[in-house]
Amino acid sequence: MEQKWPQEIWLVRHGQSAGNVARDAAEAAAGHLIDIAERDVDVPLSELGIRQSQALGSWFAALTPNERPSVVLHSPYVRAAETANILLRRLERESLLAVVADERLREKEFGILDRLTTHGIAHKYPELYAQRQHVGKFYFRPPGGESWCDVILRLRSVLDTITREYCGERVLIVAHQVIVNCFRYLIERLDEASILAFDRAGDVPNCSVTSYAFDPHAGKRGKLVVRLVNFVAPLEASGTPVTVGKDVPSAPKA
């Protein structure tokens, strides 16, 4: 049976952004609005986010040439594009088969709730807040925005492109937290309860790697099996300690 999947897929959340810093500060202060001037697409990396990206670039560069990514796909949002460009400096860009900014990998769209904290949503749109609590984030679609199901729909077409154009390649995807979780939902064949349990357990760490490798003996026709979940490369210089994610055995799930 001919292989349809890439040989390996790495899912990377962008490095810490100025928006992440502003959001954490707003939530800690029980504020209503995330204090960031740029539109979401233009939010850059923070200084720490740059260091995280450089550390991850060194981790990829330490792989042998036949283990490194051969294709890089990334969100066009500035924080993801900056992360990808830092990684590309260590990957010998000219040797790659493709480097593509794909709008389908963009951040989940929040519509009228954009830049609002949880407290801000409850204060400004109490009926929407109640609906969001009742329906859950998997199915809840804010006016002008997306549900997780909407994101999953566009990622299904990304997987179609990957299997059509990059079969047997080693594909690195640099995007956003919800994108990583929704890819996990698709690749690991999860259900709503499972993926939301992962989400409740904690944020996808900035610049973390979740990876899959093709196993020809898994399933009936071979499939991608998980290798790493939320692995974080240690920072190269002194600074805040970085927690390393769990290394998952490569055996297929029952």
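Structure shown above.
Now for a look at the structure at hand. Owing to the predicted nature of the structure, the values given are computational and were not obtained by experimental measurement. (Residues numbered from 1 in each chain as written. Predicted model: local features only at pLDDT ≥ 70, side-chain atom pairs only at ≥ 80, totals over all residues. Heavy atoms only, no water.)

## Details of helix H3 (residues 78-88)
Next up, step 1: Extensive coverage of H3 is indicated by the burial of eight of its eleven residues.
Next up, step 2: Turning to H3, the residues buried within the fold contact helix H2 (47-61), strand E2 (71-74), strand E3 (98-101) and strand E4 (170-175). (Buried < 20%, exposed > 50% of the residue type's maximum accessible area, 1.4 Å probe, protein only. Helix = DSSP H or I, 4+ residues; strand = E, 2+ residues; numbered from the N terminus. Contact = heavy atoms within 4.5 Å.)

## Some points on the packing of H2 against H3
Two packed helices can be described by the angle between their axes and the distance between those axes.
Next up, step 1: The geometry of H2 relative to H3 is characterised by a closest axis approach of 8 Å and an angle of 40° between their N-to-C directions. By the angle class used here, H2 and H3 are oblique. Like other packed secondary-structure pairs, H2 and H3 cross with a definite hand, here right-handed. Here Ile50, Ser53, Gln54, Leu56, Gly57 and Phe60 of H2 come into contact with H3, specifically with Thr83, Ile86 and Leu87.
Next up, step 2: Split by residue class, the contact of H2 with H3 holds five nonpolar, four polar and no charged. (Axes fitted to C-alpha atoms, helices over the stretch in contact; angles between N-to-C directions. Parallel < 35°, antiparallel > 145°, perpendicular 65-115°, else oblique. Left-handed = near helix turned anticlockwise from the far one by under 90°. Nonpolar A, V, L, I, M, F, W, Y, C, P; charged D, E, K, R; others polar.)

## Some details on the nonpolar core
Next up, step 1: Ranked by size, the top nonpolar core spans 36 residues in total, and within it Leu73, Leu105, Leu155, Ile162, Val171, Ile173 and Phe183 carry the most contacts.
Next up, step 2: For this core, the elements supplying multiple residues, two or more each, are strand E1 (8-13), E2, helix H6 (148-165), E4, helix H7 (177-187), helix H8 (192-201), strand E5 (209-215) and strand E6 (223-231).
Next up, step 3: Examining the composition of this core, we find that eight residues originate from one element, H7, more than from any other. (Core = buried A, V, L, I, M, F, W, Y, C linked by side-chain atoms within 4.5 Å.)

## Thoughts on the layout of surface pockets
Think of a ball as big as a water molecule: rolled over the atoms, this probe shows where empty space is left.
Next up, step 1: Reported here for the largest pocket is a volume of approximately 1,000 Å³.
Next up, step 2: Lining the largest pocket are 35 residues, and of these Arg23, Phe110, Leu116, Arg132 and Gln177 sit closest to its centre.
Next up, step 3: When contributions to the lining of the largest pocket are tallied by element, the ones reaching two or more residues are helix H1 (18-28), helix H4 (118-124), helix H5 (126-135) and H7.
Next up, step 4: Looking at side-chain class alone, the lining of the largest pocket contains eleven nonpolar, eight polar and 16 charged residues. (1 Å grid on protein atoms, 1.4 Å probe; cavity = no way out; pocket = protein on both sides within 12 Å on 5 of 7 lines; lining within 4 Å. Points joined across faces, edges and corners; volume = space filled by probe spheres on them.)

## Examining the pattern of salt bridges
Next up, step 1: Per the stated rule, a full pass over the model turns up 13 salt bridges.
Next up, step 2: Its salt-bridge partner being aspartate 150, residue arginine 141 comes within 2.7 Å of it at the nearest N-O pair.
Next up, step 3: In this structure aspartate 150 comes out as buried when scored by relative accessible area, which is 19%.
Next up, step 4: Note that glutamate 165 and arginine 164 form a salt bridge whose closest N and O atoms lie 3.2 Å from each other.
Next up, step 5: Residue arginine 164 is classed as exposed on the basis of its relative accessible area, which comes to 57%.
Next up, step 6: Among the charged side chains, a salt-bridge network with shared partners connects Arg106, Glu109, Glu146 and Arg154. (Salt bridge = Lys/Arg side-chain N within 4 Å of Asp/Glu carboxyl O.)

## Observations regarding unusual backbone geometry
Next up, step 1: For alanine 30, which is not glycine, the phi dihedral falls at a positive 55°.
Next up, step 2: Relative to the helices and strands, alanine 30 is located in the loop between H1 and H2.

## Here we look at the pairing of E2
Next up, step 1: A two-sided burial pattern is seen for E2, the buried positions comprising Val71 and Leu73 on one face and Val72 and His74 on the other.
Next up, step 2: When E2 meets E3, the two strands line up parallel, connected through four bridges. Across the sheet, valine 72 pairs through a bridge with valine 99, a residue of E3.
Next up, step 3: Traced from E2 through H3 to E3, the parallel crossover comes out right-handed.
Next up, step 4: Bridge count between E2 and E4: four bridges; the pairing is parallel. By the bridge assignment, valine 72 is partnered in E4 with leucine 172. (Pairing = 2+ DSSP bridges. Right-handed = clockwise from strand over helix to strand, strands pointing away.)

## Focus: the packing of aromatic side chains
Next up, step 1: One pass over the structure, following the stated rule, counts five aromatic pairs.
Next up, step 2: Ring geometry for phenylalanine 138 against tyrosine 185: centres 5.4 Å apart, planes inclined by 55°, an arrangement best described as tilted. Of the two residues, phenylalanine 138 is situated in the loop between H5 and H6 and tyrosine 185 in helix H7; the sequence distance between them amounts to 47 residues.
Next up, step 3: Looking at tyrosine 185, the relative accessible area reads 16%, which means it is buried. (Phe/Tyr/Trp six-rings, centres within 6.5 Å; stacked < 30°, edge-to-face > 60°.)

## Quick look at the packing of H7 against H8
Next up, step 1: The contact between H7 and H8 brings their axes to 10 Å, and the two run at 145°. The way H7 lies across H8 gives a crossing that is right-handed. Where H7 approaches H8, its residues Asn181, Arg184 and Tyr185 are matched on the opposing element by Glu192, Ile195, Phe198 and Asp199.
Next up, step 2: For the contact of H7 with H8, the class distribution of residues is three nonpolar, one polar and three charged.

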